[in-house]
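Per-entry structural report
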Amino acid sequence: MRVPLKIALVGPSAVGKDTLAGYLVSRYGFTHISTGTLLREYIQEHALGEPNRETLRTIAIEIRQTLGADYLVRQALASTSDRLVVSGIRAVPEIEIFKKAGGVVIGIIAPISMRYELAKKRGDIADKLSFESFKRMEEIEDVGGDPLAPNVQGVLRYADQTI
């Protein structure tokens, strides 16, 4: 019998969280749940508009206000898998709940210039988005003033290991 394991991969956008999660799925049989995917599905199910970055951020805050600060993490932790990897946790209340559930947190960091180029290559951002605009969007999510807003640096402080 395997020992149950829950891993959260946290960090800024385009840093490789989902890539690492994919490796854990293929190599070790983990189940991957992305909070970003859960959020996009919620937006689509409720016809809340295009799932661009601003909409994702706004709807995530609204969900945390109305359904609970831990709503997205609760959805992920509802998985019956004994090997679970969750990516994209962006708010401190979410990572606190994950840790209380016995999860291990791995922070992933990389220079913003590398992340910008990766995001362009994989089509996450439009070619017309400048590096400066990308940087401004990242700064908004980096340190949230509202506890329900994205706070990547706050979440990274919970990392058991950082790579």
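Let us look at the structure shown here.

Quick notes on the overall build of the protein
Scanning the protein from N- to C-terminus turns up eight helices and five strands. N-terminal to C-terminal, the α/β element order of the protein is β-α-β-α-α-α-β-α-β-α-α-α-β. In terms of overall size, the protein behaves like a compact globule, its C-alpha atoms giving a radius of gyration of 15 Å where 163 residues would be expected to give roughly 15 Å. Dimensions of the protein, computed from C-alpha atoms along their principal axes, come out at roughly 50 × 35 × 30 Å.

Looking at the layout of surface pockets
Which parts of space are left empty comes out when a probe the size of a water molecule is rolled across the atoms. Space inside the largest pocket adds up to approximately 850 Å³. As for the largest pocket, its lining consists of 35 residues, and the residues nearest its centre are Ser13, Arg40, Arg53, Leu56 and Arg90. Where the lining of the largest pocket is concerned, the elements lending two or more residues are helix H1 (17–28), helix H2 (35–45), helix H3 (53–67) and helix H7 (131–142). The element contributing the most residues to the lining of the largest pocket is H3, with six residues.

Looking at the nonpolar core
Within the largest apolar cluster, 15 residues are counted, with the highest numbers of intra-cluster contacts made by Ala8, Val10, Val86, Ile89, Ile95, Phe98 and Val105. Leave out the neighbours within four places in its chain, and Val105 touches Ala8, Val10, Ile95, Phe98, Lys99, Tyr158, Ala159, Asp160 and Gln161.

Regarding the sheet that holds strand S5 (residues 161–162)
What the five strands build is an open sheet, ordered S2-S3-S1-S4-S5; its pairing is parallel. Two strands close off the open sheet at either side, each with one partner strand: strand S2 (31–34) and S5. Pairing geometry for strand S4 (residues 104–107) and S5, over two bridges, is parallel. Bridged to Ile106 within S5 is Gln161. Its contacts with the sheet place H2 against S2 and strand S3 (83–87), and it is angled at close to 55° to S2.

Some thoughts on H7
Here H7 is twelve residues long and its end C-alpha atoms lie 16 Å apart, about the 16 Å a rise of 1.5 Å per residue gives. Here H7 has its buried residues at Ser133, Phe134, Glu138 and Glu141. Buried residues in H7, looked at end-on, bunch into an arc of 140°, giving them a common side. Summarising the contacts, the buried residues of H7 are in contact with H3, helix H6 (112–121) and helix H8 (152–156).

A word on the side chain of Arg90
Of note, Arg90 is situated in the loop between S3 and helix H5 (92–100). Judged by its relative accessible area of 17%, Arg90 is buried. The residues touching Arg90, leaving out its near neighbours within four places in the chain, are Gly11, Pro12, Ser13, Lys17, Arg64, Glu141, Ala149, Pro150, Asn151, Val152 and Val155.

Points about the pairing of S4
Pairing between strand S1 (residues 5–10) and S4: four bridges, direction parallel. Counted as the bridge partner of Ala8 is Val105 from S4.

Considerations on the environment of Lys100
Following the sequence through the fold, Lys100 ends up in helix H5. In this structure the C-alpha to C-alpha distance between Lys100 and Gly29, which are 71 residues apart in sequence, comes to 23 Å.

Scoring rules and cut-offs
Residues numbered from 1 in each chain as written. Predicted model: local features only at pLDDT ≥ 70, side-chain atom pairs only at ≥ 80, totals over all residues. Heavy atoms only, no water. Helix = DSSP H or I, 4+ residues; strand = E, 2+ residues; numbered from the N terminus. Rg over C-alpha atoms; globule rule 2.2 N^0.38 Å. 1 Å grid on protein atoms, 1.4 Å probe; cavity = no way out; pocket = protein on both sides within 12 Å on 5 of 7 lines; lining within 4 Å. Points joined across faces, edges and corners; volume = space filled by probe spheres on them. Core = buried A, V, L, I, M, F, W, Y, C linked by side-chain atoms within 4.5 Å. Buried < 20%, exposed > 50% of the residue type's maximum accessible area, 1.4 Å probe, protein only. Contact = heavy atoms within 4.5 Å. Pairing = 2+ DSSP bridges. Axes fitted to C-alpha atoms, helices over the stretch in contact; angles between N-to-C directions. Expected span 1.5 Å × (residues − 1). Arc of directions from axis to C-beta.

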